[in-house]
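Here are the chains, one letter per residue:
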Amino acid sequence: MKIAVIGGTGLIGSQVVRILNASGHEAAPQSPSTGLDLLTGQGVPEALEGAEVVVNLTNSPTFDDASPAFFQATMDNLLTAAKAAGVGHAVILSILGADQVPSLVYYRAKVLQEDILKAGLVPYSIVRATQFFEFMDLVLSETADENTVRLPATLIQPIASADVAQEVADVSAGTPLRGTRNIAGPDVFTVDELGRVTLAAHSDHRTVVTDNSAGMFAAASGDALIAKDDAAIAKTTYREWLAR
Ligand SMILES: NC(=O)c1ccc[n+]([C@@H]2O[C@H](COP(=O)([O-])OP(=O)(O)OC[C@H]3O[C@@H](n4cnc5c(N)ncnc54)[C@H](OP(=O)(O)O)[C@@H]3O)[C@@H](O)[C@H]2O)c1
């Protein structure tokens, strides 16, 4: 199948392109660095010409109040161009439990992205993944100083980006789900515990201080970000991934 992967140069997108091409599909990466801008629509009709599937793995440049407008405009442009090109399947990657954390504007923006796709006329699939292992260094740096890292005891079930990419590729090559596939990593941690494991693996001697008001995950509570019974559980553990 010819599959357009918008955001195909990013962390997930580049791996999805590789997996799809290795399994015999014709997957082309599309992004501003290849001349396509989903925000303005530039290059989108050309990228979707002859494509049976479009996978949207773009990300907003910021996680702040500008993110809803980014996902609104990019999804409007995507669906208009996909409909015009007769694309039969549109896929996005969202965040497991995003609807459970309405106080985070970026998570609200991802729910908006899902709602626009569901309300559109193009058969669709949504993959919802938990937080990527690769995202953890950024989480730590957000509330770190020279001696300490402040992190909340929020439950989290992170996943390797490679496992997410495999799931996105499988869903993209399949029949539209007209629904959501959830995927999570194998282990549940608290964010502060995950911070301690990460610092130890990096031989970083700073101390993790549990602070339930620190960082973006302070906004989530209970089991909001944890897999429920319907989720697929990926194989790679965080400790295996850190040891690579
Ligand atoms: N981080 C997490 O833990 C997590 C968890 C679940 C779901 N997700 C979702 O996963 C998705 C992919 O994340 P990622 O980490 O792979 O993102 P990423 O590495 O930041 O890559 C973003 C991609 O989007 C492209 N892009 C940016 N602006 C664009 C525009 N205006 N038009 C077209 N393409 C544009 C970038 O192109 P250039 O390379 O040319 O700039 C890049 O290819 C995101 O939607 C995110 O919400 C993330």
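Worth saying up front: this structure is predicted, and the values here are computed from it rather than measured. (Residues numbered from 1 in each chain as written. Predicted model: local features only at pLDDT ≥ 70, side-chain atom pairs only at ≥ 80, totals over all residues. Heavy atoms only, no water.)

(A) Quick peek at unusual backbone geometry. For Arg178, which is not glycine, the phi dihedral falls at a positive 50 degrees. Unlike most non-glycine residues, Ser203 shows phi in positive territory, near 50 degrees. Position of Ser203 relative to the elements: it lies in the loop between helix H7 (191-201) and strand E10 (207-210). Overall, Ser203 belongs to the exposed group, its relative accessible area being 54%. (Helix = DSSP H or I, 4+ residues; strand = E, 2+ residues; numbered from the N terminus. Buried < 20%, exposed > 50% of the residue type's maximum accessible area, 1.4 Å probe, protein only.)

(B) Representation of the packing of aromatic side chains. Under the definition given, this model contains nine aromatic pairs. For the ring pair Phe133 and Trp241, a centre distance of 5.4 Å and an interplane angle of 55 degrees mean the geometry is tilted. Residue Phe133 is located in the loop between strand E5 (124-129) and helix H5 (136-142), and its partner Trp241 is located in helix H8 (residues 238-243); the two are separated by 108 residues in the primary sequence. Residue Phe133 is classed as buried on the basis of its relative accessible area of 2%. The class for Trp241 is partly exposed, based on a relative accessible area of 22%. (Phe/Tyr/Trp six-rings, centres within 6.5 Å; stacked < 30°, edge-to-face > 60°.)

(C) How the structure looks around the nonpolar core. Core analysis: the biggest nonpolar cluster contains 32 residues, and Tyr107, Phe217 and Tyr238 have the highest contact counts within it. Every element with two or more residues in this core is listed here: helix H3 (67-85), helix H4 (105-119), H5, strand E6 (148-151), H7 and H8. Ignoring sequence-local partners within four residues, the contact set of Tyr107 consists of Ile95, Ala98, Val101, Gln131, Met216, Phe217 and Leu225. (Core = buried A, V, L, I, M, F, W, Y, C linked by side-chain atoms within 4.5 Å. Contact = heavy atoms within 4.5 Å.)

(D) How the structure looks around the sheet that holds strand E2 (residues 26-30). With parallel pairing, the seven strands of this open sheet are ordered in space as E2-E1-E3-E4-E5-E8-E11. Only two strands of the sheet have a single neighbouring strand rather than two, namely E2 and strand E11 (232-233). Pairing of strand E3 (residues 53-56) with strand E4 (residues 89-95) involves four bridges; the strand directions are parallel. Paired with Asn56 across the two strands is Ile92, which belongs to E4. Contacting strand E1 (2-6), E2 and E4, helix H1 (residues 11-22) crosses the sheet at an angle of about 160 degrees to E2. (Pairing = 2+ DSSP bridges. Axes fitted to C-alpha atoms, helices over the stretch in contact; angles between N-to-C directions.)

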